[in-house]
Amino acid sequence: MMHRAAILTSLQRPDPQAVATFEAVVRAGRFSRRDLIRKGILLGLSTPAIAGILASCGGSSPTSTPGSGGTTAPAAASTSPATAAVAPSSAAATTTGTSGAAASTGAKGGSGTLVVSNSGDLKTFNPDFQIDDNGYIVHSNLYNTMVVLDDDYNIIPELAKQWKVAADGLSITFTLVSGAKWHDGQPVTAADCKYTIEQILAQKGAPGKDNLSAIKSVDTPDDTTVVFNLSAPSAPLLGFLGWYGTFILPKHIYDGSDWTKNPANQKPIGSGPFKFVSYKTGDNINLEANKDYWGEGPYLDKVIFRIIPDANTATQAFLNGEVDFVNGPTPPLSQVPALQQTPGVKVDIKTYPSVYYLGCNMKKEPTSKIEVRKAISQAIDRQQVVAKALSGFGSVATTFYTDVIAWAADKQPDAQVPQYDKAAAAAALDAAGYPAKGGSRFKLTFPYFTASPQYGDMAQVVKENLKAIDVDVDLVALEIGAWQDRTQKGDYDVSLLDGFQGPDPANLKNRVGTGGGINFWFYSNPDVDKALDDGAKATDQKTRQDKYYAVQRQLAKDLPIIPLAGVKIPRPYHDNVTGLYFTEAKGKTGLNRFTLTKVGKK
Amino acid sequence: MSAISPAPLLDVTALRRLFPIRRSFADVLTRRSHAVHAVDAVSFTLNPGEILALVGESGCGKSTTGRLIVRLDTATSGAIRFRGHDVTHLGSAALKQFRRQAQIIFQNPFEAFDSRQTIAASLQQVLHIHDIGTQQERQARIVAALAGAGIVPAGDFLSRYPHELSGGQLQRIATVRVMLLEPNLLIADEPVSMLDVSVRAEILNQLLDLRGSRQMAIVFITHDIAVARYMADRIAVMYLGAFAEIGPVDDVIENPQHPYTKALLSHTLPIGDEVIGEPLEIPGDPPTPIDLGVGCRFADRCPFAFERCRMETPRLQPVDPRRQVACHLMDD
Amino acid sequence: MNQTRSLLTLNHLSVAYRTSRGAVQAVQDLDLSVPAGRSVGLVGESGSGKSTIAAAILRLLPENAAITGGSIAFNGVDLATLSDAELNRTWRWREIAMVFQKSLAALSPVNRIHDQLNDILRQHEPALREAERDARLSDLLRAVHLSDRVLHSYPFELSGGMMQRTMIALGLLCNPPFLILDEATTALDVITQAQILREVNRLKQEYNLTALIISHDVGVINATTDAVAVLYAGQLMEVAPKRRFFAAPAHPYSRALIASVPRLSGPRQRLAAIPGNLPDLLDPPPGCRFAPRCPYVTPRCSTAVPPLYDLGDGQFVRCVLFESRPIAHPAEETMA
Amino acid sequence: MGRYVGRQLLTIIPTILLSVVLNFALLHAAPGDPARIYAGFDTATNDQIAAVRHELGLDKPLPLQFALYVNQILHGNLGESFAYHRPVLPVIFERLPATLLLTITSAIIAVILGALLAAVAARRTFSKVDFGLSFASYTFYAMPSFWLGLILILVFASKLHWFPTSGMHDVRAGYTGYRNVLDVGKHLILPVLTLVLVQTPIYYRITRASVAEQQREDYITTFRATGMSEQRIFRRYALRNALLPTVTVFGLSLGYVITGSALVEIVFGWPGIGRLTLDAVFQRDYPLLLGIYLILAVTVSLAILLTDLVYAVLDPRIRLR
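Here is what the cut-offs are and how they apply
Residues numbered from 1 in each chain as written. Chains lettered and ligands numbered in written order. Predicted model: local features only at pLDDT ≥ 70, side-chain atom pairs only at ≥ 80, totals over all residues. Heavy atoms only, no water. Helix = DSSP H or I, 4+ residues; strand = E, 2+ residues; numbered from the N terminus. Rg over C-alpha atoms; globule rule 2.2 N^0.38 Å. Buried < 20%, exposed > 50% of the residue type's maximum accessible area, 1.4 Å probe, protein only. Contact = heavy atoms within 4.5 Å. Areas by Shrake-Rupley, 256 points an atom, 1.4 Å probe, with all protein chains shown as cover. Buried area = accessible area lost by both parts, 1.4 Å probe. Salt bridge = Lys/Arg side-chain N within 4 Å of Asp/Glu carboxyl O. Polar contact = N/O pair within 3.5 Å; in protein donor to acceptor, adjacent residues only side chain to side chain. Nonpolar A, V, L, I, M, F, W, Y, C, P; charged D, E, K, R; others polar. Axes fitted to C-alpha atoms, helices over the stretch in contact; angles between N-to-C directions. Left-handed = near helix turned anticlockwise from the far one by under 90°. Pairing = 2+ DSSP bridges. Disulfide = S-S within 2.5 Å. Core = buried A, V, L, I, M, F, W, Y, C linked by side-chain atoms within 4.5 Å. Phe/Tyr/Trp six-rings, centres within 6.5 Å; stacked < 30°, edge-to-face > 60°. Patch = residues over 30% accessible without salt bridge, like charges linked within 9 Å, V, L, I, M, F, W, Y side chains within 5 Å. Arc of directions from axis to C-beta.

(A) The overall build of chain B, seen in detail. In terms of regular secondary structure, chain B is built from 12 helices and 12 strands. Computed over the C-alpha atoms, the radius of gyration of chain B is 21 Å, within 12% of the 20 Å expected from 2.2 N^0.38 for a compact globule of 332 residues. Summarising its shape, the C-alpha atoms of chain B cover approximately 65 × 60 × 50 Å along the three principal directions. A total of 332 residues make up chain B; the buried ones form 54% of that total. Of the contacts made within chain B by residues no fewer than 6 positions apart, 63% connect residues no fewer than 24 positions apart. Put simply, chain B shows about 14400 Å² of open surface, and 51% of that area lies on carbon and sulfur atoms.

(B) Inspection of the interface of chain B and chain C at higher detail. Between chain B and chain C, the residue contacts involve 40 residues of the former and 41 residues of the latter. Of the roughly 3600 Å² buried between chain B and chain C on both sides combined, carbon and sulfur atoms contribute 53%. When the buried surface of chain B facing chain C is broken down by residue, R229, L269 and I271 of chain B rank first, second and third, together holding 20% of it. Our count for the contact surface shared by chain B and chain C stands at 3 salt bridges. Of the charged contacts, one joins R270 of chain C and D209 of chain B as a salt bridge, the two residues approaching to 3.2 Å between their closest N and O atoms. Summed over the shared surface of chain B and chain C, the result is 24 residue pairs in polar contact (both at pLDDT 80 or more). Taken together, the elements giving at least two residues each to the side of chain B that touches chain C come down to α8 (197–214), α9 (225–231), α10 (249–254) and α11 (259–266) of chain B. Looking at which element gives the most residues to the side of chain B that touches chain C, the answer is α8 of chain B, with 9 residues. Class assignment of the residues belonging to the side of chain B that touches chain C gives a composition of 21 nonpolar, 9 polar and 10 charged.

(C) Region of the structure containing the packing of helix α13 (residues 382–389) of chain A against helix α15 (residues 453–467) of chain A. Residue and element names in this part refer to chain A. Packing of α13 against α15 brings their axes to within 9 Å, and their N-to-C directions diverge by 140 degrees. Along this stretch, α13 crosses α15, giving a crossing that reads as right-handed. On the side of α13, the interface is formed by Q384, V385, K388 and A389, while α15 contributes Q454, D457, M458, V461, E464 and N465. Residues of the contact of α13 with α15, tallied by class, amount to 4 nonpolar, 3 polar and 3 charged.

(D) Geometry of the sheet that holds strand β3 (residues 39–43) of chain C. All names here are of chain C. Overall, mixed pairing links the 8 strands, which are arranged β6-β7-β8-β3-β9-β10-β12-β11 in an open sheet. The open sheet terminates on both sides in strands that have one partner only, identified here as β6 (96–99) and β11 (309–312). The sheet shows a mean angle of 20 degrees between the axes of neighbouring strands, direction not considered. Relative to strand β10 (residues 235–241), strand β9 (residues 227–232) runs antiparallel, the two sharing 6 bridges. In the sheet register, V228 faces β10, and the bridge partner there is A240. Across the face of the sheet, helix α9 (residues 252–259) comes into contact with β3, β9 and β10 while running at roughly 100 degrees to β9.

(E) Layout of the state of the cysteines. Residues and elements named next belong to chain C. A complete count under the given rule lists 0 disulfides over all chains for this structure. C301 takes part in no disulfide bond, and the closest cysteine sulfur to it belongs to C288, at a distance of 6.1 Å. The exposure class of C301 is buried, given its relative accessible area of 8%.

(F) A look at the nonpolar core. F174, F228, L358 and L596 of chain A are the most contacted members of the largest nonpolar core, which has 155 residues in total. It is strand β18 (residues 561–574) of chain A that contributes the most residues to this core, 7 residues altogether.

(G) Spotlight on the pairing of β18 of chain A. All names here are of chain A. Counting buried residues along β18, 13 of its 14 residues qualify, which places the element largely inside the surrounding structure. Across 13 bridges, strand β13 (residues 345–360) lies against β18 in antiparallel orientation. Across the sheet, the residue bridging to V347 is P572, located in β18. Of the pairings in the sheet, the one linking strand β14 (residues 394–396) to β18 comprises 3 bridges and is antiparallel in character. Bridge assignment links G394 to a residue of β18, and that residue is V567.

(H) Inspection of the arrangement of the chains at higher detail. The interface with the highest contact count, out of 4 pairs of chains in contact, is the one between chains A and D. With respect to C-alpha atoms, chain A approaches chain B no nearer than 38 Å, and the pair has no contact. Without any contact between them, chain A and chain C keep their closest C-alpha atoms 46 Å apart.

(I) Up close: the interface of chain D and chain A. Facing 49 residues of chain D, the contacting portion of chain A comprises 58 residues. At the surface where chain D touches chain A, the tally comes to 4 salt bridges. Measuring nitrogen to oxygen at the nearest pair gives 2.4 Å for the salt bridge that ties E479 of chain A to R284 of chain D. At the junction of chain D and chain A, the tally comes to 16 residue pairs in polar contact (both at pLDDT 80 or more). Elements with a contribution of two residues or more to the side of chain D that touches chain A: α2 (34–39), α3 (46–55), α5 (88–123), α7 (145–159), α11 (262–267) and α12 (273–283) of chain D. Among the elements that take part in the side of chain D that touches chain A, α7 of chain D stands out by supplying 5 residues, more than any other. Taken together, the residues of the side of chain D that touches chain A sort by class into 23 nonpolar, 15 polar and 11 charged.

(J) How the structure looks around unusual backbone geometry. A cis amide bond links G328 of chain A with the next residue in sequence, P329 of chain A, at an omega value of -10 degrees. On the secondary structure map, P329 of chain A appears in the loop between β12 (325–326) and α11 (336–341). A cis amide bond links E365 of chain A with the next residue in sequence, P366 of chain A, at an omega value of 0 degrees. By the secondary structure assignment, P366 of chain A is in the loop between β13 and α12 (370–379). Of note, the phi angle at R83 of chain B is positive, near 50 degrees, even though the residue is not glycine. Within the secondary structure layout, R83 of chain B lies in the loop between β4 (77–82) and β5 (85–86).

(K) Focus on the packing of aromatic side chains. Residues and elements named next belong to chain A. Per the stated rule, a full pass over the model turns up 41 aromatic pairs over all chains. Plain terms: the ring middles of F125 and Y279 are 5.5 Å apart, the flat faces sit at 90 degrees to each other, and that makes the pair edge-to-face. A residue pair is termed long-range when its members are at least 10 positions apart, and F125 in the loop between β2 (113–118) and α6 (136–142) and Y279 in strand β9 (residues 274–280) qualify at 154 residues. Among the residues examined, F125 registers a relative accessible area of 1% and is labelled buried.

(L) Spatial organisation of the sheet that holds strand β5 (residues 77–78) of chain C. Residues and elements named next belong to chain C. One open sheet accounts for 4 strands, arranged β2-β1-β4-β5; its pairing is antiparallel. Among the strands making up the open sheet, the edge pair consists of β2 (22–35) and β5. In this structure, strand β1 (residues 6–19) lies alongside strand β4 (residues 65–74), joined through 8 bridges in antiparallel fashion. Bridge pairing in β4 links A16 to A66. Its contacts with the sheet place helix α1 (residues 50–57) against β1, β2 and β4, and it is angled at close to 110 degrees to β1.

(M) How the structure looks around a nonpolar patch on the surface. Residues and elements named next belong to chain D. Residues F146, W147, I151, L154, V155, L160, W162 and L263 make up a contiguous nonpolar surface patch of roughly 720 Å² in combined accessible area. At 5 residues, α7 tops the list of elements feeding residues into the nonpolar patch. For I151, the location among the structural elements is in helix α7.

(N) Representation of α13 of chain A within the structure. All names here are of chain A. Every buried residue of α13 is listed here: R382, V385, V386 and A389. Each buried residue of α13 lies within a common arc of 110 degrees when the element is viewed along its axis, so the set occupies one face. Check the buried side of α13 and you find it contacts α12, β14, α15 and β18. Taking the backbone nitrogen of Q383 as reference, a side-chain oxygen 3.1 Å away marks D381 as the first, capping residue of α13.

Treat this as a map of the structure, not an account of what it does.
As structure tokens, then:
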């Protein structure tokens, strides 16, 4: 982010002639979005300016970086938090997000069929009423959200081309793009947004409900304006609006029906770049280009998601050319180096906003003792974890929060996790009253679930590391449902977990807050709970950072969870495929939105 | 029972065992069931030390009767009294007590032993189940019992497995095994029919000796009337689940009253210059005793059958104080 | 006994089984002849080799058994030297037929009786028309007092007695001069057994059959044979005309055998058991195989197998007690 | 025969009823909370989980849930899948044909192949052929199907490019008509081969043992004695008798194959019921699982009935008794 802001502010005077040429190029539609932006930046145009040109040209959809207006919020620009658009440094100021696209260009489709492997069936084509990991990439291509998170968790426009946060933080006004249409030809309007948001808020079980709970009511003064009235200022709200379970649904299809049973759940009508063609369950999902797409692209004629549950098979299908791009399942990590060596194959290795960590049972001795937890943390050689269990596809974790959401990750010494020091670990346990009698200080029960092979391998490395300081570990492999039952009963000493920590650190509440949904460790610290609550309510970026730093410092003191390694995910594709979301330059829609609008084949 | 005759050891009254069967889909639908009358109203008494032979062709119900008596099977109706106690419906604890006194040996000695157990273990187990003696006492008792049966040296047999012994040897050991419990009643179900001729006599003699020395009563089940004659004091001839006649062995053999008994005896193969007499021809094979109606079971094959035989089931009736016959001819 | 032509002559026949623990001499140096038109009974206990002899005559020994010596002369032809194809073409069933023990399993359980009998008949009488074959089958069944219904039945639908009659009909299918009955009535009930044995006797007359009747039951032997051969542990112990055998058995084993059978008449004396067990044929006693159980055993009994001594009137016995009698030379003369 | 079929049909009903009760009990006794799984692992709050639990009706007492379920079934309604929010039956019937195609094809090939090889081996006892076949049968029998499947993919798809690695259709080509049939056939070969290789040994060994046993039967001796050639005896009598246990095993193993093919379906990305089941297990989709088990119970019962009928045709002892 730093470098882009620097470039933007250093180039002040664009050459009018160059701008004209640029306009002509855009009109001709000859450049990819990436090229356009790069060229525009080189011409000294700010991103909104490019967007303006594109909009006036009726060109393809550009994107905007939040807080890049150039006049305000330098602090926000440097940390680029997802909340920046809502909460610039000055409480008095309001910020505008912008979106350029109003109508589609003529260049839709034409670059063939892309076959993407997906690890399982989606549950339903209604993207909002339940969590559906396998469906997310499909939903993303069929539907739009109001705003989108980019690869660095900045908020960028989608259906909402711009938005304004009221000075008191109690309302947000969105302006929608014009010309967006549903796949059945009906226009996308503010009523659709209102319907969707209200529907989400009305359903207790909807995954988006809690994240959007700050919204008190939704107004639609006209067809392109949506106003969220909030019960209190909410910093994470906009980030969550670009997150799970917030795809805008067509009101004219869903209104008045049970949205879990609407026929459109099997024959979806979205507003996204691809239209539904067919779904053979267990086999494939077939989408075709939406030639009337309001935004950029799509450039492909078709996207076919092939469902291949086995990682080895998916890898072979990929190598055999049956699949162009492995979205899932993640190839066996040990095979990735060979894939990287294969001609014609590219492997993108993406740092995922997730950390593998060991959770300690806070209710049961010996792990209820901080000395023991600290010793465990010191006993684990994280280099070994990364090298042995993750085949190098991971990073040694020294702190609690993912680096990917950089503004919230505390890297200060106070927030550091005790690192590998075998001797110190042994000494600490001696001192804590756990001498190594007969080669064993105590025995820990370590259940883990068998969803991915890495878990077993990591558990094994942990076991070996702990054995080196005379702590025995009983590994118990369980299916995930059984694992949940067991950990919830507290029938364990340590266990292993990871998971998405975005888009906002407010999510930490579920992980380490008292009674959090995945706080399997019975960790409860009022100070942490308070800091988490304050962090969620604060609108000021700096204040929020302070609160979440405080949480991480306290975690370093209490060590209910012991971070081991950051998660990296390899995604192979053939080099005739270009423009995949992760191959785009930073600042574009990325991993968090698996839209394939931009994918084309050479 | 008069004062002079001893109280019977075993008193079987109107014993019945029906095996329900459903023969057709229609039966299943209508929940109608047929019944095989395996044993039908069998009554007799047995005194201590007495041997009663049950004789008949295969399927006549003689083995079922034996199994009912030692409660390997439960009677549909009727009563079995052992030493005056009704044992027809004993619970498991009382049954264990009863079984100690009433034992059974079977036709196939190879199936009577667990092929994975040594002979010693098999014999020990019997005593163990009934909680008799210490380990040493049991051992001594087993060796003594084997020696008593002429199985010497006992050590030669104890460590062997069933498959290492001949059928005759195993049957003798099987007999010893039931004798370990010193029962008062033994059911011997065709104990020699699978054995070679030359070893049969050994088993038969062994059983006779045990009767002599222990006053053990025996229900001896056989298809061979000559063997029955050798073994028994009394003989009961069975046909299709019911007694045709019962009486002292010599009376029955020398002067059979029931036509079936006559047929059976007249078809027994003579040995050497024995004279059996002209065979009493009876046509056909014994039918399966399903849903028997009224009338004599033997009527269809009986050369002497008359109208009444098909109308009325003959009862077992005394023809002399020690002899009973179930035949309408006796009424004349 | 008169010198009649011998239809079947077993000369020094020996049969051995190969087992994992060594060779078993199941039949040792056996001499026996069956005169045309007569019935010879072969009596012995399990392991005596009597069924092996039947299998050897038709050359149906299992794979692990072989004729190790001697000859099987049938009408002057040594069956022991013929190939399977020759036996199938000329001898089996056309000349020598057999009624087996365990008759319920003696035909394929899943094919109708008619189909099986017809199939066998077609092998030997390919020229016959279907209708002629059917007529032959019906005639045969009538001969054993069975109705045509049996032809359309499966084996399991028949009673033991009916099945045994069917097997006898099968034996007569090709009108053979020689019939072997191997424990043919063993599993039957008393009355059925007696009826069938009487039928066999009648058919022997009607079809002019020569028969070898194998049984462990001296009653069956008594009912059906003219002469008796006693086998013990693979050795032929005694051959005698039937009456003579029952009235004056010579060999100690023959005597013990008859004495161990309970009778239906006469005094009820204690049965004489034969002590001991059959010898282990993997390691048989040298000399007379009955010696270990014999009440009259002498040291000489174990030195060599005694020869057959001729007691006259067709009675021969293999026992040193009769060494004063002339030694018989069965290869040169006809016995029984 | 009609009576026999009727009797067999009647026995199916209690079997299926029992399976419903057992499946319900077992599913609910197994650890794992569907509500938590539906609410999402990373993000769900305890409130959301409770809401989902209520929505799915899992907060009702278990006996009531069972009563409601039985009532539903009796009205011909197998309920609605937790995960897919669709009636259970269409979800199942979308997947059943693929599984039946895979399993029945492979089972039939395996039983024929196994029986043929067994016949060949049994006629040449202790020969090299016999030894080789026995060795191969043990080898393939011991092989895990998913592993074997992967090896076949590596060799025949990745290395030789003879067949596609996985799936049921060439999605890029999107064939229709007879070309679609050929395409499915091409995709079918490797998974069928996998199942054939692991199943054939079972039939081979059963038939091999059974032929050997028939050779010792008395009726074989009878036919030999009548002068019938060995070949004729084998062809006309021994083989037919020897096939009886094979047919029984075939019927019994059909059930096993249909449920046990899940691993092969996963390896080959085959869109069958096995994979649907496994997914449903992981998601604790009770209505779907119960529905699958019910349909499988019916299918397997019918398959067994069918084999019983074949058996009855082959064996008059069953037919006529």
